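Spelled out from the first residue to the last, the chains are:
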Amino acid sequence: MKKYCVIGAGAAGMSALNTLLESGHEVDCFEKNDTVGGHWNTDYDALHLITSRDQTHFEGFPMPAHYPHFPRRTQIAEYLHSYGRERGLLEHISFNTEVLSVTPVETEGTTGSAGWVVTTTKGSDTYEGVLVANGHLWDKKIPEIPGTFDGPQIHSGDYKNVGDVEGNRVLVVGAGNSGCDLAVDVAQHRFEADIVVRHGSYFQPKMYFGQPRSELGFLKDFTAEEQDLIARLLARVSIGENSNYPGLPVPEHHSLAEGATVVNDLLLYWIHHGRVRVVGSGIERFEGKNVHFADGTVREYDTILYATGFHSTLPFLEQALVPRSKGAPVRYAGGIIPEGLEKLYYIGMIAPRGPQIPIYGVQARIVTRMLELHAAAPKGSAHLAEYFAKLQDPEDRIDIPRHFWDAQIKDTNRLIEAMGVGVKA
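Predicted model, so just to flag it, every value in this text is computed and none were measured.

Asks: Break down the overall build of the protein chain for me, with residues and values.
Replies: Helix and strand counts for the protein chain come out as eight helices and 28 strands. Radius of gyration (C-alpha) of the protein chain: 23 Å, near the 22 Å computed for a compact globule of 425 residues. Expressed as a percentage of its 425 residues, the buried residues of the protein chain come to 50%. In the protein chain, the share of contacts with a sequence separation of at least 24, taken over all contacts with a separation of at least 6, comes to 67%. Accessible surface, the protein chain: about 19,400 Å² in total, of which carbon and sulfur atoms supply 50%. The protein chain carries 39 positive and 53 negative side-chain charges, and their two centres are separated by 2 Å.

Asks: Pulling in residues and values, what's your account of the state of the cysteines?
Replies: Counted by the stated rule, this structure contains zero disulfides. The thiol of Cys 5 is unpaired, and the distance to the nearest cysteine sulfur, on Cys 29, comes to 7.5 Å. Cys 29 sits in the buried class, given a relative accessible area of 1%.

Asks: Let's hear about the environment of Glu 91: which residues, and what values?
Replies: You can see Glu 91 is positioned in the loop between helix H2 (73-86) and strand E3 (93-94). Between the alpha carbons of Glu 91 and Cys 29 there is a distance of 9.5 Å; along the sequence they are 62 residues apart.

Asks: Now, about the pattern of salt bridges: what can you tell me, with residues and values included?
Replies: Counting across every chain of the model gives 25 salt bridges. The closest approach of N and O atoms between Lys 3 and Asp 28, which form a salt bridge, is 3.7 Å. Of the two residues, Lys 3 sits in strand E1 (residues 3-7) while Asp 28 sits in strand E2 (residues 26-30), which places them 25 residues apart along the sequence. Taking the shortest distance from any N to any O, the salt bridge between Arg 232 and Asp 228 comes out at 2.7 Å. Of this pair, Arg 232 and Asp 228 both sit in helix H4 (residues 224-239), separated by four residues, roughly a single helical turn. Among the charged side chains, a network of salt bridges with common partners joins Arg 169, Lys 289, Glu 300 and Asp 302.

Asks: Tell me what's going on with the sheet that holds E2, and back it up with residues and numbers.
Replies: Strand order in this open sheet of five strands is E3-E2-E1-E7-E26, and the pairing throughout is parallel. A single partner strand is all that each edge strand has here, and the edge strands are E3 and strand E26 (344-346). In the packing of helix H1 (residues 11-22) onto the sheet, the strands contacted are E1, E2, E3 and strand E7 (129-132), and the crossing angle to E1 comes to about 165 degrees.

Asks: Let's hear about the nonpolar core: which residues, and what values?
Replies: Formed by 92 residues in total, the largest nonpolar core has its most connected members in Leu 80, Leu 267, Met 370 and Phe 388. If you tally residues by element for this core, the top one is helix H6 (residues 357-376), at nine residues. Excluding anything up to four places from it in sequence, Phe 388 contacts Tyr 332, Ala 333, Ile 337, Met 370, Thr 412, Leu 415 and Ile 416. In terms of nonpolar packing, the next biggest core, distinct from the first, is built from 22 residues, Trp 116, Tyr 127, Leu 314 and Ile 398 among them.

The rules behind each value
- Residues numbered from 1 in each chain as written.
- Predicted model: local features only at pLDDT ≥ 70, side-chain atom pairs only at ≥ 80, totals over all residues.
- Heavy atoms only, no water.
- Helix = DSSP H or I, 4+ residues; strand = E, 2+ residues; numbered from the N terminus.
- Rg over C-alpha atoms; globule rule 2.2 N^0.38 Å.
- Buried < 20%, exposed > 50% of the residue type's maximum accessible area, 1.4 Å probe, protein only.
- Contact = heavy atoms within 4.5 Å.
- Areas by Shrake-Rupley, 256 points an atom, 1.4 Å probe, with all protein chains shown as cover.
- Lys, Arg positive; Asp, Glu negative; His and termini not counted.
- Charge placed at Lys NZ, Arg CZ, Asp CG, Glu CD.
- Disulfide = S-S within 2.5 Å.
- Salt bridge = Lys/Arg side-chain N within 4 Å of Asp/Glu carboxyl O.
- Pairing = 2+ DSSP bridges.
- Axes fitted to C-alpha atoms, helices over the stretch in contact; angles between N-to-C directions.
- Core = buried A, V, L, I, M, F, W, Y, C linked by side-chain atoms within 4.5 Å.

Right, here's the structure in full:
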């Protein structure tokens, strides 16, 4: 029996592992840490889901009914652990095992068409295919800023709680969902927080009419574009517009799908309560505890928190094997197939807006269909990378509006059906 490899045992890796096992495949899964669940084990304490409990779960494995609508980090971690236990996945995972390299088996055909050699800290083995689920929220982006700051500088990936903060004056750099979480955490503990917001984003509350916004049944009767408009109108009625909050830039884009969207209304609450102040200019340089901004102003801080995102890093693949655009790997088939590589599949290397966990199952099920195509093809390779590259546009986004990704998945399934007919013939 041909053997497959899954790299990572977070939510994406476990979903992939479960899907392959249910399909009857032999699978090895490698996890460099000592437990499942990925970043949910170590994220900051104030983290909660921004999507609802009843929509953010594995297929056939709902979150416990006693969980709140928006569970906290530790509840999500326990949910992921319980999934691993109850689905019998733990016995298939090699913990404390880091993948050092993934190299294509030598062949005269397309790279990867003969399989892959996976080398870990415990040895090497050859696999028919590799599912990469190492995540894109671990390799921290930290801006390089001239000068020296005389105080703690902490990335959101390392921040735990306000116990990490020295002094009372905190600067948060980055205004996405994590940056707003950190500013709110600081404000709620009666510190003074400034947050750098250089570009306008649309803010969306988590709830409308006492229900999670994604569970409003009437929205299903509208197109994605109409839902976008309704969401913006509901936000305008419930929380107002950016111009109602001192210093907050107005979005230059005209819809949620066209640019950044933040699911957080507590930041707005604390702006109006004076615990959070918006800084509209970028940082020019540091000087002791002074931060010089591009608009010429200088302010003094004790601690800096960075919420500046992460690199989508694949440390075990040679860089020459991974074409990139705008910093992200180029992909096809709803973020699954890397450009130019056969029998290597990304699970979770894309983040369609909305619940994330169900995405991994959708991708993993598509991969199992791709494995069938390879198995049925002459010489064991269906040349899927080449096939999809000819028929689809390349994708270089990680953050992507959900309806765009849904359309990619629909088209991918259509093309798989068409190719399946060709293979059988």
